[in-house]
Every structure is written in C-alpha cells, then in structure tokens.
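Residue-level structural notes
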Amino acid sequence: AARQPRQRAAPSSPAQASAGEAPSLAAVDWQGERIEVWWPLDKTWFAGRLSGVASDGVRVHIKYDDGDEEDLDLANEKWRVCKDKRAASRTG
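Now for a look at the structure at hand. Residue positions within a chain follow its written sequence, with the count starting from 1. Given that this is a predicted model, residues contribute local features only at a pLDDT of at least 70 and side-chain atom pairs are listed and counted only at 80 or more, while totals for whole chains, interfaces and linings are drawn from all residues. Hydrogens are left out, water is left out, and the side-chain values use all remaining heavy atoms of the structure.

This paragraph deals with the overall build of the protein. In this text, helices come from DSSP runs of H or I with a minimum length of four residues, and strands from runs of E with a minimum of two, each type numbered from the N-terminal end. Each helix and strand counted, the protein has 0 helices and 5 strands in total. Ordered by position from N to C terminus, the α and β elements of the protein give β-β-β-β-β. Residue burial is assigned from relative accessible area. The probe radius is 1.4 Å, only protein chains are included, and a residue is buried under 20% of its type maximum, exposed over 50%, and partly exposed in between. Scored against the burial criterion, the 92 residues of the protein give a buried share of 29%. Taking the intrachain contacts of the protein between residues at least 6 apart in sequence as the baseline, contacts between residues at least 24 apart amount to 55%. Of the roughly 5,800 Å² of accessible surface on the protein, a fraction of 50% belongs to carbon and sulfur atoms. Two residues form a contact once any of their heavy atoms are found within 4.5 Å. We get accessible surface area from the Shrake-Rupley algorithm with a probe of 1.4 Å; when it comes to residues, only the shown protein chains can shield them.

Pasting the structure below:
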C-alpha cells in the first residue's frame, strides 16, 4: 500500500516541545541522535535519526523512520529528543 504524503506547514514561530531553551546542537555530538519533529497539518510527531549537523549547529539532515529525509533548521521547528532510543511510533 502506498504511504500518504505528509503535509508541512510553515511554522509561525520557533518552538521546541520541551520547556526551556533549545539545546545547542553545536555543543554536543548529535550525530545519530533520535528526535521527533511535529508536523502540524498531520497533527503528529514523526521520528527519525539525525545523520548530519551543519557547521552553524542549527541545520540538520534527518532520516525519518518512514524513509523520508530532509534538511531542517530546528530553530524553526517544534521538536524533541526521543525518549525511546529505538524506532518511535509516528503518533505522539
């Protein structure tokens, strides 16, 4: 069965799911870290693994569990570190 394409909306403002300031990606080796990104039009979290971080410490390449990949500026996304280090579900 063909998978439904996800819908992306431009964020209205920078946000992160957890309280406090977003962690600095430059301060830690985030390569391989699992995160979830909120997709507001789908009203769900999508989990994936960070496969690269740009030198600015903000833009990342994420490989989602469903096979999609994209480059994101996490300062403009709602995201969180996965609590479960194994494959996370698509729903939050």
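It is worth spelling out the pairing of strand 2 (residues 44-53) at this point. By the criterion of burial, strand 2 is predominantly enclosed, with 7 of the 10 residues buried. Bridge count between strand 1 (residues 34-39) and strand 2: 6 bridges; the pairing is antiparallel. Bridged to Glu36 within strand 2 is Ala47. A pair of strands is considered paired only if DSSP assigns at least 2 bridges between the two. Hairpin geometry of strand 1 and strand 2 is characterised by an intervening segment of 4 residues between the two adjacent antiparallel strands and by a positive phi of about 55° at Lys43.

The antiparallel open sheet is built from 5 strands, whose spatial order is 4-3-2-1-5. Each having just a single partner strand, strand 4 (69-73) and strand 5 (79-81) make up the two edges of the open sheet. When strand polarity is set aside, the average angle formed by the axes of neighbouring strands in this sheet is 40°. Pairing of strand 2 with strand 3 (residues 59-64), which is carried by 5 bridges, proceeds in the antiparallel orientation. Looking at the pairing, Leu50 lines up with Ile62 of strand 3. For every element, the axis is a line fit to its C-alpha atoms; helices are fit only across the contacting stretch, and the angle between N-to-C directions ranges from 0 to 180 degrees.

Further remarks concern the pattern of salt bridges. By convention in these notes, a salt bridge is any Lys or Arg side-chain nitrogen within 4 Å of a carboxyl oxygen on Asp or Glu. Evaluation of the coordinates by the stated rule reveals 2 salt bridges. For the salt bridge of Arg80 with Glu36, the shortest nitrogen-to-oxygen distance reads 2.6 Å. Of this pair, Arg80 sits in strand 5 while Glu36 sits in strand 1, and the two are 44 residues apart along the sequence.

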